[in-house]
Protein chains: 2
Amino acid sequence: MTQKLTESDIDQRLGELPEWTKVNEEIQRTYHFDDFVSSMAFVNKVADAAERDQHHPDILIRYNKVTLTLSTHDAGGITEKDFALASYCDSIA
Amino acid sequence: MTQKLTESDIDQRLGELPEWTKVNEEIQRTYHFDDFVSSMAFVNKVADAAERDQHHPDILIRYNKVTLTLSTHDAGGITEKDFALASYCDSIA
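Residues numbered from 1 in each chain as written. Chains lettered and ligands numbered in written order. Predicted model: local features only at pLDDT ≥ 70, side-chain atom pairs only at ≥ 80, totals over all residues. Heavy atoms only, no water.

What to know about the overall build of chain A
From N to C terminus, chain A includes three helices and four strands. In chain A, the succession of α and β elements from N to C terminus is α-β-β-α-β-β-α. For 93 residues, the compact-globule estimate of 2.2 N^0.38 gives 12 Å, and the C-alpha radius of gyration of chain A, at 13 Å, lies within 12% of that figure. With the C-alpha coordinates of chain A rotated into their principal frame, the extents come out at 40 × 25 × 20 Å. A burial count over chain A gives 43% of its 93 residues as buried. Considering only contacts within chain A whose residues lie at least 6 apart along the sequence, 65% involve residues at least 24 apart. Working note: accessible area of chain A is about 4800 Å², and carbon and sulfur atoms make up 44% of it. Side chains of chain A give 9 positive and 17 negative charges; the mean places of these two sets differ by 2 Å. (Helix = DSSP H or I, 4+ residues; strand = E, 2+ residues; numbered from the N terminus. Rg over C-alpha atoms; globule rule 2.2 N^0.38 Å. Buried < 20%, exposed > 50% of the residue type's maximum accessible area, 1.4 Å probe, protein only. Contact = heavy atoms within 4.5 Å. Areas by Shrake-Rupley, 256 points an atom, 1.4 Å probe, with all protein chains shown as cover. Lys, Arg positive; Asp, Glu negative; His and termini not counted. Charge placed at Lys NZ, Arg CZ, Asp CG, Glu CD.)

Some words on the confidence of the model for chain A
Per-residue pLDDT for chain A averages 96, and the proportion of residues at 70 or more is 99%. Across the interfaces of the predicted complex, the ipTM metric reaches 0.96, alongside a pTM of 0.96. (pLDDT = per-residue confidence, 0-100.)

Observations concerning the relation of the copies chain B and chain A
When chain B is fitted to chain A, the best match, at an RMSD of 0.0 Å, comes from turning it 180° and sliding it 0.0 Å along the axis. With respect to symmetry, the two chain copies, as superposed, fit the operation of a two-fold axis. Minimal C-alpha distance to the rotation axis in chain B is attained by Leu60 of chain B, lying at 2.2 Å. A share of 100% of interface residues in chain B that are also interface residues in chain A marks the association as one of identical surfaces. (Least-squares fit on C-alpha atoms with pLDDT ≥ 70 in both.)

Points about the interface of chain B and chain A
Each side of the interface is counted separately: chain B has 16 residues, and chain A has 16 residues. In total, chain B and chain A occlude about 1400 Å² of area from one another, counting both sides; carbon and sulfur atoms represent 65% of this. The interface formed by chain B and chain A contains two salt bridges. The interface formed by chain B and chain A contains five residue pairs in polar contact (both at pLDDT 80 or more). With eight residues, helix H2 (residues 36–53) of chain B is the largest single contributor of residues to the side of chain B that touches chain A. Partitioning the side of chain B that touches chain A into residue classes produces 11 nonpolar, two polar and three charged. Where strand E3 (residues 58–62) of chain A and strand E3 (residues 58–62) of chain B come together, three bridges link them in antiparallel fashion. Its bridge partner being in E3 of chain B, Ile59 of chain A is matched across the sheet by Ile61 of chain B. (Buried area = accessible area lost by both parts, 1.4 Å probe. Salt bridge = Lys/Arg side-chain N within 4 Å of Asp/Glu carboxyl O. Polar contact = N/O pair within 3.5 Å; in protein donor to acceptor, adjacent residues only side chain to side chain. Nonpolar A, V, L, I, M, F, W, Y, C, P; charged D, E, K, R; others polar. Pairing = 2+ DSSP bridges.)

Focus: the packing of aromatic side chains
With the rule as written, the count across this model stands at 10 aromatic pairs over all chains. Measuring from ring centre to ring centre gives 6.4 Å for Phe36 of chain A and Tyr63 of chain A, while their planes differ by 15°; the resulting arrangement is stacked. Note that Phe36 of chain A is positioned in helix H2 (residues 36–53) and Tyr63 of chain A in the loop between E3 and strand E4 (65–70), a separation of 27 residues in sequence. On the accessibility criterion, Phe36 of chain A (2% relative accessible area) is buried. On the basis of relative accessible area, Tyr63 of chain A is assigned to the partly exposed category, the value being 35%. On the basis of an interplanar angle of 20° and a centroid distance of 6.3 Å, the ring pair of Tyr31 of chain B and Phe33 of chain B is categorised as stacked. (Phe/Tyr/Trp six-rings, centres within 6.5 Å; stacked < 30°, edge-to-face > 60°.)

Things to note about the pattern of salt bridges
Applying the stated criterion to the full structure yields 10 salt bridges over all chains. Its salt-bridge partner being Arg29 of chain A, residue Asp90 of chain A comes within 2.8 Å of it at the nearest N-O pair. With Asp90 of chain A in helix H3 (residues 80–92) and Arg29 of chain A in strand E2 (residues 26–32), the pair connects residues that are 61 residues apart, well separated along the chain. Given the relative accessible area of 24%, Asp90 of chain A is considered partly exposed. A residue is classified by how much of its surface remains accessible, and Arg29 of chain A, at 17% relative accessible area, is buried. Here Asp58 of chain B makes a salt bridge to Arg62 of chain A, at a shortest N to O gap of 3.3 Å. A residue pair is termed interchain when its members come from two chains, as with Asp58 of chain B in strand E3 and Arg62 of chain A in strand E3. On the basis of relative accessibility, which here comes to 16%, the residue Asp58 of chain B falls in the buried class.

As structure tokens, then:
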């Protein structure tokens, strides 16, 4: 679960999550909401999942836009844990 | 309240808030907390104030670090509203 994925694994997973892009050694998506309150509601759900799984994305809130950036520091790159959290975040957005 | 401050006004206000720095046409501070849960507790208090005042900082959460970036878009720069919110955020951190 926490083993760094190969480039071809990453490309395959990104094909399943088309809104996400690879940026350096991380994956990133920006979500658009109606307003700041909706952004914060999403961020709090992401935070609950992050704390539960002990896997914490970088979270940037810019009014109605929330950017999540994910990597697995222990593994030094992108792992299945990142795609699992990315997929979950998509499901609650 | 929403008039863009002069450079000398900004320098004076920054003297009163030494943890804040001017970055381009914004002011910025990074707060350090014990953990992610503490970061989120702070962010939710900031979010409540932001929504109440209808003045929303950019908020970057990186585990135990929270960076706030403030400017007043309507005024095209830094105003008293930014320093008022900065001061309030310092008081609840």
